[in-house]
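# Residue-level structure breakdown
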Amino acid sequence: MSNAILVVGGGFSGLTAALEAAEVGYDVFIVEKSPFLGGRVAQLNKYFPKLCPPSCGLEIQFQRIKKNPRIKFFTQATVSSVAGKAGDYTVKVHIEPRHTAPNSADLGLLASSLTGETDNEFDFNMSRRKALYLSAPFAFPSRYVLDREMVNKDDQIRLAKSAFVDLNENARDIELQVGSIVLATGWKPYDASNLSNLGAGAIANCITNMQMERLASAHGPTNGVIKRPSDGATPKKVAFVQCAGSRDQNHLNFCSYICCMASLKQAAYVREQYPNAEVTIYYIDLRTPGRYENFRNKVTADERISLVKGKVAGLEADEASGDVILEVEDAVRGHKSKVRHDLVVLATGMQPSLAGDANPYGVTVDADGFIVDGEDKGIFAAGCAKQPLDVMRSAQSGTSAALKAIQTVRGR
């Protein structure tokens, strides 16, 4: 029997599971595929229930990790294979090179001197980044990562002179012996380019809800100022289109649980910045369960925020003005109309990361990509790997998974 626990995924549920297990005396390994811990929460402007910035909750978790010697984490790492049984697993992990030295100095000046740039995936391609970068000011580990593939010849000369950069670092593979596994593999925004009728990717001033989070973030592409992507203009009429690809047999069959609350939150972002702006939320059913009902009532009490129950059939761009024209059916009034807005936000759903991805864990996923078994093998799903959840419930599921993992390594 191995007393160690593997946590796959360094988002909020994975961090919670790792800390809960480590703080009661168990060794924990975290394997995270991105260069930094924090998951999707790190990309938000604010998150429920207290509408805190992500640095608030995550920095507490990061401090707990730094102070706990029982936790070891590997970033830019993926699980290659899992062999064994509950209590005795051998896990092979592939780790991509970071190309920077551990405990290196602040490489911000070196990064800014580089000439090459690429789309910034952390900002959902609404900004550009250098080859040497941190995803956010509060990124953890606070250690720059080098995107080796985008280094041009001039930048290579600059980087080669730094004592803290190793251009020749190679990938490596390691083996971990663990007794139980927590799969906190998280979620990815549904690919909005699939929504051809809604103009995703083809209409400049039609963005996704996660892009809106980045626009509203002080660390985002516009330093927190919500602007139209096409021309940087102040949006005066903003539309939110709910269930963009969700509850749709052609896309995501399920309700993603958080989208209605996210749009209400983002409507408040717009109104806080622009007192004269008008916001319309087009919805099928507005779902704000439990304690979030009070938040809904507070937001919708604003006279400049309107709710229209109706399905948006299509979007088209007015090339001259940059406005977006929505074709929408008002289910209450019983009529169809075309309505002009200067910015449209699509509430795209949460798709589990394992959907269409490698699954070396020996667990079963359903047609949507959610994990449906594994507990009899000592493998436990947490957070949005199991079902759509908000941050608070993701943390709770991380605690639950940690307790079950501990029972497994103790032989129940």
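An account of the accompanying structure is given in this report. For clarity, every value in this text was computed on a predicted model and none was experimentally measured.

### A closer look at the packing of helix α1 (residues 12–22) against helix α8 (residues 391–409)
It is at 7 Å that the axes of α1 and α8 come closest, and there the two elements cross at 40 degrees. Looking at the two axes, α1 sits oblique to α8. Here the hand of the crossing between α1 and α8 comes out right-handed. For the pair α1 and α8, the contacting residues are F12, S13, T16, A17, E20 and A21 in the first and V391, S394, A395, S397, G398, T399, A402 and I406 in the second. Along the lines of polarity and charge, the residues of the contact of α1 with α8 split into seven nonpolar, six polar and one charged.

### Some thoughts on the sheet that holds strand β17 (residues 312–317)
Sheet architecture is open: three strands sit in the order β17-β18-β19, paired in antiparallel fashion. The open sheet has two edge strands with one neighbour each: β17 and β19 (335–341). Pairwise comparison of adjacent strand axes, ignoring direction, gives a mean angle of 20 degrees for this sheet. The sheet contact formed by strand β18 (residues 324–330) and β19 spans seven bridges and is antiparallel.

### Some thoughts on the packing of aromatic side chains
In this structure the tally under the stated criterion is eight aromatic pairs. Summarising the aromatic geometry, the rings of F12 and Y47 are spaced 6.0 Å apart at their centres and angled 55 degrees between planes, so their arrangement reads as tilted. With a gap of 35 residues between them, F12 in helix α1 and Y47 in the loop between β2 (28–31) and α2 (54–67) connect regions that are remote in the sequence. Across the pair, Y47 and F12 agree in class, each one buried. When the centroid spacing of 5.4 Å and the interplanar angle of 45 degrees are considered together, the rings of F73 and F140 count as tilted. In this pair, F73 is assigned in strand β3 (residues 71–74) and F140 in the loop between β8 (132–133) and β9 (145–146), connecting sequence segments 67 residues apart. Three or more aromatic residues joined by ring pairs make a cluster, and in this case those are F48, Y292 and F295. The residue whose ring lies beneath R98 is F36, and the NZ or CZ to ring-centre distance is 5.0 Å.

About the criteria used
In every chain, residue numbers begin from 1 and rise along the written sequence. In keeping with the model being predicted, local features are shown solely for residues with a pLDDT of at least 70 and side-chain atom pairs are shown and tallied solely at 80 or more, while totals for entire chains, interfaces and linings include all residues. For side-chain calculations, the full set of non-hydrogen atoms in the structure is used, while hydrogens and water are omitted. Axes here refer to lines fitted to C-alpha atoms; in helices the fit is confined to the stretch in contact. Angles between the N-to-C directions go from 0 to 180 degrees. Per the convention used, a helix needs a DSSP run of H or I reaching at least four residues, while a strand needs a run of E reaching at least two, with both numbered from the N terminus. Every angle not falling under 35 degrees, over 145, or within 65 to 115 is termed oblique; those three ranges are roughly parallel, roughly antiparallel and roughly perpendicular. Crossing chirality is assigned from the near helix's rotation relative to the far helix, an anticlockwise turn below a right angle marking it left-handed and a clockwise turn marking it right-handed. We call two residues in contact whenever any of their non-hydrogen atoms come within 4.5 Å of each other. Residue polarity follows a fixed list, in which Ala, Val, Leu, Ile, Met, Phe, Trp, Tyr, Cys and Pro are nonpolar, Asp, Glu, Lys and Arg are charged, and the others, Gly among them, are polar. Note: two strands are recorded as paired if DSSP finds a minimum of 2 bridges between them. Under the pairing criterion, centres of Phe, Tyr and Trp rings, with the six-membered ring standing for Trp, must be within 6.5 Å; the plane angle then separates stacked pairs below 30 degrees from edge-to-face pairs above 60, leaving the rest tilted. Burial here depends on accessible area, computed with a 1.4 Å probe over protein chains only, as a share of the maximum for the residue type. Under 20% is buried, over 50% is exposed, and the range in between is partly exposed. Throughout this description, the term charge over a ring refers to an Arg CZ or Lys NZ atom that lies within 6 Å of the ring centre and within 35 degrees of the ring normal.

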